[in-house]
Structures are given as structure tokens and as C-alpha cells.
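Coordinate analysis (summary)
The chain contents come next:
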Amino acid sequence: MKTQGYIDLLSTIGIPGLIETQNSNRDPRLMELAQLNKIALLYSTVSGDDIYYKELLPRYEQLVNTLMQVSTIFNKNGIKYSIFKTIKPFPTTPSDIDVLLPSEDFNRAEALLISSGYMRTAHDAYSSTLQKEMIVDLQLQPSVSNLPYVSKQLLMKNTVLRNVYGCEIRTLNPEAEVIVIASHSFYKEQMFTLNDYYTITILAEQLDIEKLAGLAEANKTMDVLRIITGICSQITESVFNTKLKINDISQTLASQHQRVMNHDTLPIKFPFGLVLKLLLKRATKDKEMRRMMMPALMRLASPTQFLKLIKHLRRTTY
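Residues numbered from 1 in each chain as written. Predicted model: local features only at pLDDT ≥ 70, side-chain atom pairs only at ≥ 80, totals over all residues. Heavy atoms only, no water.

With that settled, the discussion passes to the overall build of the protein chain. Assigned secondary structure in the protein chain consists of 14 helices and eleven strands. Burial status across the protein chain gives 53% buried among its 318 residues. When the accessible surface of the protein chain is summed, it comes to about 14600 Å², and 52% of that surface belongs to carbon and sulfur atoms. (Helix = DSSP H or I, 4+ residues; strand = E, 2+ residues; numbered from the N terminus. Buried < 20%, exposed > 50% of the residue type's maximum accessible area, 1.4 Å probe, protein only. Areas by Shrake-Rupley, 256 points an atom, 1.4 Å probe, with all protein chains shown as cover.)

Below, the structure is given as C-alpha cells:
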């Protein structure tokens, strides 16, 4: 999406709860850009596009129902868990629900969902994918190619019980959620969408900057957090001509390390060389990640995995 396109899209939407819409532009071209950036339901809600809204609303309702069902099952059975990267501060339609679990509860959590009608469709060292009306990903560790990119121990120590959709749901606190979304965008997807922008910019209003910085340092993801908050800050200033808490966060984090990325299209695709460089840098500081680095590199040597990587790098969205 070219610069003027994303300016028009953002101006139409505003920032929910922070900046009101600056125009009511209903344009098929903008809907296409909203879909690329994973904010189609948000755009259709604000612009009054009834056709897309009615098409997307059932998916949103399914998300709510599945979140309530899974959380109720886990709450009743004493499962330690946290929903993450799923509940956004605006209406959205993710393709799946991500649940972080400690190793001691993983098998029981999987068995409880299977006994409730879910079918296991995939499984690997760190995750199990189950499906009923919607896909639920149970994860022991957020990872890319089996390389852990955030500490599950730190994440599980930073959870809160929230009343969401009238149901008690355990999620990450705002600081941990921002870190995992930034890390997932950079390391796993290697792409930054407006869904990421809105999520991080809105959550930034709720978080403690010192706590965020301390968690990023402990998680060894400060470089990535600086990049992502820097992008959010630049978008906020350039499009809305204002400063929000995300701008203060970016300035605070970048006080000793300035990293500015030029961007005239969204989604933003991060250079693979930069992603690999920061993965390797993090591996030098993280014992578990370092242990898994060589097997991951060996997997990339296979033609099948290499082709998957090329396809991943050529995507325009995810």
C-alpha cells in the first residue's frame, strides 16, 4: 500500500478510543488495503460498509464464542494458561486462537479440548493445533522454526485475569502482550501490518514504560521492540500529526540506540538479513535458543524447507 493509500485508510479509521475518524471514506481500494493489513472488520465497522461487515461479523462472533468456551474449560479444570496475540483492542477476525501453556498442563489441556469435540490436526515439539468451529493453537513456547523467540517463563509470570465478553479470560498483561506481538511480527512473520500498529499503539496507553523496558531487557528483545515502537511512533506522527504514549515509549527506548526505518508501503516487510542478524544476536544471549539454532539451520538446508522459506519471504500479507 503506497503512502497516500495508508494515510487515507488510517485517517478514515482514526485510532479507536484515542483519535476520532477524520473522514468517512468508503472506497473498495481501501478495503483491499485493510484486508492486506488484517483490519478489514475495523475498517468496515467505521466506514459503514454493510456488505463486508455482515460477511465478517460471523467470524468475529465465532472468535468470541470459542474464546469463552476454551477459557471456561480451562478455568473450571484449574489449567494454567494465557490467551495471547488474539484479543485485540478493536474488532478483528484472527484465523486462530493462541494459547500459551506450561509443560505440566499441556497434555491435560489438549485432552480436555479433544473431549469437548476438538480434533488434533497438527503437532510438533512446541505446539498442538486443534480444530472445531475454529482453530486453537496450544503452545509451549512461541517459536519460529522451533527457535524460541520469547521466554515462556517470563510471559507466564506476566498474566492477568480479565473480564472479556462477559467471561473471565487469562491473558498477558499489556507490557508482555506488546513484547510478544512485536517479536512475533518481526521474527515469525517478518512483516508489520496495521493490525500490529493499532494493537501496540492502543495497548501502549495502558502500560508502564519502565516495566516494558525491564521485561524487554530480561527477554532479550530490546532491539526488536525499538524497531517496532519506532515504526508505530513514526506512523502516529506522520498520519495524525500528534504524539501519543507510543511516541514517549519510542523516545525512551531509543535514547541510547536510534533505529529509524523508512517505509512508504504497508505491510512493511523486514529484510531477512536483519531478522537473521537479530535472531543470531538473541541466540548468543539465550541458552535454549542457542541449543536449537544448529538443528534449525540444518532444516533450512533441505530443499523443501528452503522453498517454504522463499515462499514465506515473498508473501504480501499473512
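Here we take up unusual backbone geometry. Although it is not a glycine, Lys 85 sits at a positive phi angle of roughly 60 degrees. Mapped onto the fold, Lys 85 is located in the loop between β1 (82–84) and β2 (96–100). One non-glycine residue, Gln 190, adopts positive backbone phi at about 55 degrees. By the secondary structure assignment, Gln 190 is in the loop between α7 (174–189) and β10 (191–192).

This next bit is on helix α12 (residues 272–283). Here α12 is twelve residues long and its end C-alpha atoms lie 16 Å apart, about the 16 Å a rise of 1.5 Å per residue gives. For α12, the complete set of buried residues consists of Leu 274, Val 275, Leu 278, Leu 279, Arg 282 and Ala 283. (Expected span 1.5 Å × (residues − 1).)

To continue, consider the confidence of the model for the protein chain. Per-chain confidence: the protein chain averages 89 in pLDDT, with 89% of residues scoring 70 or above. Between residues 255–260, whose pLDDT stays under 50, and residues either more than four places distant or in other chains, the model counts five contacts. (pLDDT = per-residue confidence, 0-100. Contact = heavy atoms within 4.5 Å.)

With that settled, consider helix α3 (residues 40–47). Burial analysis of α3 places six of its eight residues in the buried class, which makes it a mostly covered element. Among the residues of α3, those classed as buried are Ala 40, Leu 41, Leu 42, Tyr 43, Ser 44 and Ser 47. Residues of α3 that are buried sit in contact with α1 (3–13), α2 (28–36), α4 (50–76) and α8 (194–204). Directly beyond the C-terminal end of α3, a positive phi value near 75 degrees is found at Gly 48.

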